Amino acid sequence: MRDATEIEAALDRAAAEENFPVGSLLLPAECRPHIAVFYRFARTADDIADDPALPAQEKRAHLDRLRAALLGNDPEPALDVAHRMRRSLDETGVTARHCLDLLAAFRQDTAKTRYARWDELLDYCDRSAAPVGRYLIDLHGESATLYEPSDALCNALQILNHLQDCSTDYRRLGRVYIPSRFFDEAGVGVEALAERHSGPGLRRVFDRTLDAVDLLLRDASALPRSVRNRRLALEASVILAIAERLSAALRSRDPLARRVRLGRGAYAACFAKGIWRGLSARRGGAAAVAPRADVRSLVARSGTSFYWAMRLLPRQQREAMFAIYAFCRSVDDVADGDLPTVEKRRLLSGWRAELDRVIDGTPQTAVGMALASARTRYSLRREDLEAIVDGVEMDVSGETRVPDTATLELYCARVAGAVGLLSMAVFGEHSADARRGALALGQAMQLTNILRDVAEDAARDRLYLPREILQRHGVAAGRPLEIIEDPGFAEACAALAALAESRFAEAERALGACPGRRLWPARAMMAIYRLLLHRLTERGWARLSERPKVGPARKLWITLRTKLA
């Protein structure tokens, strides 16, 4: 093993070139020399695959020799980086599988330059990025059960790096790591990566990719709290904070105009946040502080119409409503992503398992921790939380694609009515009128969302208008994009709008029968969504791509007016 000065120099150079700390001082001193050797081995192999001057056949020959030397089958001194890696593995007892997976991924880079789907890209990342986290887990003697959240974090970092380097990869090597399907859906070709600035279509591609990355980061959030080794847990927490900050930076900056990097100040802030969040999660009394901060950040970024109605609540009610909203948003994002159906089902199963842990008091995610606190304080019903996941699963399974009326009503009751019932528990209203009002208001708001998003949903091959209404207005069966062009579709939308208005009226009567001021947030949301429905009706149903909005200032005014009335 090399002396300490050489090791520190290698790790310092690595840290300056990567998005994450490589063998930082947070990690145990005895592990750092081995991490330096592993990093040098991985970087050497990656540099071979990325060399634009080498023919593909020559790249593969070099990588095959590294593999042979790693396995002890090539004593050539020039392959010292592989010999050192083999000796390190012998000393630590870590399997060579992780190194072999990296070599297989870099060998694939010599021949494959496009990835059609998200799952295809993740399969590559499982060999090009995930082995790094798995190596660290094994090196520190941690359980292999941590592979899953570690894979999510490493793969997210890899894809963020792909976005940072998307222009360079395309220009130098002809590679595109962003799924081709994302380009097709945005109506833009990969050649747009050669431009100096991103146009609207390419921006949609980037944002779609970042949406999927953020789902990975949510899966990864359990890692720092699950690692036994305190130093490794803090390292994971810092890296997670860096990934979150970088994802946000890539949403607001153009990677074609200039490589998006975090400055020293941003890294320092991420380091401080990661350390604080990691330590808080490992201290009993402070364990809930960091998850609540994460949930507040998620709600603030979402731009939800519910924000001010929640923000003006007393602190404990506000935190509970933030937790409920963050849970709904996290589960709903699964259905809205571009993942294959089998992967969406896996993620929903993960949320069902997290609900089990919420009930047992052992949640692993920030959202789950905040939700567990809200459930304990306000006696939130398990069946209402599970109904939300059931509703999203209806989307994933395709049950809501031109459903019958009964299916649509069940869907609304699950994804919106259940939220209303949970909210009533937080507001302290348990009467029959409150529950009836919550269900009616939930359906009215969901129908309004359906009418607002009908063009966007059709582009995703979704259509929520019930088939009975479509048939009544002579709309022919077909694919969603064909249906919304039918001459009778406008009348069908008008009929659904009338149904939504009747549900608003029903909710108004039921909530009006509830005494006291505790339901002002529900009344404020009803006023905001009713105004949105009226604006949609005034716009008409022939210009579906135009989306009327209720601006932030108007939402705040309605909320304040309702609260003070």
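Residues numbered from 1 in each chain as written. Predicted model: local features only at pLDDT ≥ 70, side-chain atom pairs only at ≥ 80, totals over all residues. Heavy atoms only, no water.

## Things to note about the overall build of the chain
Looking only at helices and strands, the chain has 28 helices and zero strands in total. Computed over its C-alpha atoms, the radius of gyration of the chain comes to 26 Å, within 12% of the 24 Å expected for a compact globule of 565 residues. In terms of overall dimensions, the chain has C-alpha extents of about 85 × 55 × 35 Å along its principal axes. Within the chain, residue pairs in contact and separated by at least 24 positions form 69% of the contacts whose partners lie at least 6 positions apart. (Helix = DSSP H or I, 4+ residues; strand = E, 2+ residues; numbered from the N terminus. Rg over C-alpha atoms; globule rule 2.2 N^0.38 Å. Contact = heavy atoms within 4.5 Å.)

## Some details on the side chain of glutamate 354
With respect to the secondary-structure elements, glutamate 354 resides in helix H18 (residues 341-360). With near-sequence residues (within four places) excluded, glutamate 354 lies in contact with Pro363, Gln364, Thr365 and Gly368.

## Here's the deal with the packing of aromatic side chains
Considering all chains together, one arrives at seven aromatic pairs under this definition. Relative to tyrosine 124, the ring of tyrosine 115 has its centre 5.5 Å away and its plane inclined at 45 degrees; by these criteria the two rings are tilted. On the accessibility criterion, tyrosine 115 (1% relative accessible area) is buried. The exposure class of tyrosine 124 is buried, given its relative accessible area of 2%. Pairing phenylalanine 327 with tryptophan 351 gives two aromatic rings, centres 5.9 Å apart and planes at 80 degrees, and the pair type is edge-to-face. (Phe/Tyr/Trp six-rings, centres within 6.5 Å; stacked < 30°, edge-to-face > 60°. Buried < 20%, exposed > 50% of the residue type's maximum accessible area, 1.4 Å probe, protein only.)

## Observations concerning helix H3 (residues 56-70)
Relative to the 21 Å expected for 15 residues at 1.5 Å per residue, H3 spans 21 Å between its end C-alpha atoms, a close match to the ideal helical length. Turning to H3, its buried residues are Lys59, Leu63, Leu66, Ala69 and Leu70. For H3, the buried positions fall inside an angular range of 120 degrees around the axis, keeping them on one side. Positive backbone phi, approximately 80 degrees, marks glycine 72, located one or two places after H3. (Expected span 1.5 Å × (residues − 1). Arc of directions from axis to C-beta.)

## Details of the nonpolar core
Within the largest apolar cluster, 179 residues are counted, with the highest numbers of intra-cluster contacts made by Trp118, Phe327, Leu465 and Phe489. The element contributing the most residues to this core is helix H13 (residues 230-252), with 13 residues. (Core = buried A, V, L, I, M, F, W, Y, C linked by side-chain atoms within 4.5 Å.)

## Quick word on the packing of helix H17 (residues 315-336) against helix H20 (residues 382-397)
With their axes 9 Å apart at the nearest point, H17 and H20 run at an angle of 15 degrees to one another. Comparing the axis directions of H17 and H20 gives the class roughly parallel. Crossing angle aside, the handedness with which H17 passes H20 is right-handed. Here H17 contributes Phe327, Cys328, Val331, Asp332 and Ala335 to the contact with H20, which in turn contributes Leu385, Ile388, Val389, Val392, Asp395 and Val396. Looking at the contact of H17 with H20 residue by residue, the classes come out as nine nonpolar, no polar and two charged. (Axes fitted to C-alpha atoms, helices over the stretch in contact; angles between N-to-C directions. Parallel < 35°, antiparallel > 145°, perpendicular 65-115°, else oblique. Left-handed = near helix turned anticlockwise from the far one by under 90°. Nonpolar A, V, L, I, M, F, W, Y, C, P; charged D, E, K, R; others polar.)

## Quick word on the side chain of aspartate 165
With respect to the helices and strands, the residue aspartate 165 is situated in the loop between helix H8 (147-164) and helix H9 (166-173). Looking at aspartate 165, its side chain comes within polar contact range of the side chain of arginine 259, at 2.6 Å. (Polar contact = N/O pair within 3.5 Å; in protein donor to acceptor, adjacent residues only side chain to side chain.)

## Let's talk about the state of the cysteines
Going through the model one piece at a time under the given rule, you end up with zero disulfides. Between cysteine 270, a cysteine without a disulfide, and cysteine 154, which holds the nearest cysteine sulfur, the sulfur-to-sulfur distance is 17 Å. (Disulfide = S-S within 2.5 Å.)

## Describing the pattern of salt bridges
For the structure on display, the rule yields 42 salt bridges. As a salt-bridge pair, arginine 43 and aspartate 47 come within 3.4 Å of each other at their nearest N and O atoms. Here arginine 43 pairs with aspartate 47, and both are found in helix H2 (residues 32-50), just four residues apart, close to one helical turn. The exposure class assigned to arginine 43 is partly exposed, which follows from its relative accessible area of 25%. One salt-bridge network, in which partners are shared between bridges, spans Lys112, Arg117, Asp119 and Glu120. (Salt bridge = Lys/Arg side-chain N within 4 Å of Asp/Glu carboxyl O.)

## With respect to the packing of helix H5 (residues 97-109) against helix H7 (residues 130-139)
H7 packs onto H5 with a crossing angle of 170 degrees between their chain directions and a minimal axis gap of 9 Å. Judged by the inter-axis angle, H5 sits roughly antiparallel to H7. In contact with His98, Asp101 and Leu102 of H5, H7 contributes Pro131, Arg134, Tyr135 and Asp138. Each residue belonging to the contact of H5 with H7 can be placed in one class, and the counts come to three nonpolar, one polar and three charged.

## Digging into the environment of arginine 228
Relative to the helices and strands, arginine 228 resides in the loop between helix H12 (223-226) and H13. On the basis of relative accessibility, which here comes to 60%, the residue arginine 228 falls in the exposed class. As a C-alpha pair, arginine 228 and glycine 141 span 87 residues in sequence and 9.2 Å in three-dimensional space.

## Here's the deal with the confidence of the model for the chain
Looking at the chain as a whole, the pLDDT averages 87, with 91% of positions reaching at least 70. With pLDDT under 50 throughout, residues 1-15 is counted as low confidence; its partners more than four residues away or in other chains account for 23 contacts. In this model residues 284-289 is a low-confidence stretch, pLDDT under 50, and it forms five contacts with partners more than four residues away in sequence or in other chains. (pLDDT = per-residue confidence, 0-100.)

## Considering unusual backbone geometry
In this structure, serine 379 takes a positive phi of about 55 degrees despite not being glycine. The residue serine 379 is located in the loop between helix H19 (366-378) and H20 in this model. Classification of serine 379 as exposed rests on a relative accessible area of 56%. The backbone of aspartate 461 shows a phi angle near 65 degrees, a positive value even though the residue is not glycine. Summarising the element assignment, aspartate 461 is placed in the loop between helix H23 (454-459) and helix H24 (467-472).

## Side note on the environment of leucine 173
Take leucine 173: it is sitting in helix H9. Considering only alpha carbons, one finds leucine 173 and serine 150, 23 residues apart in sequence, at a separation of 29 Å.

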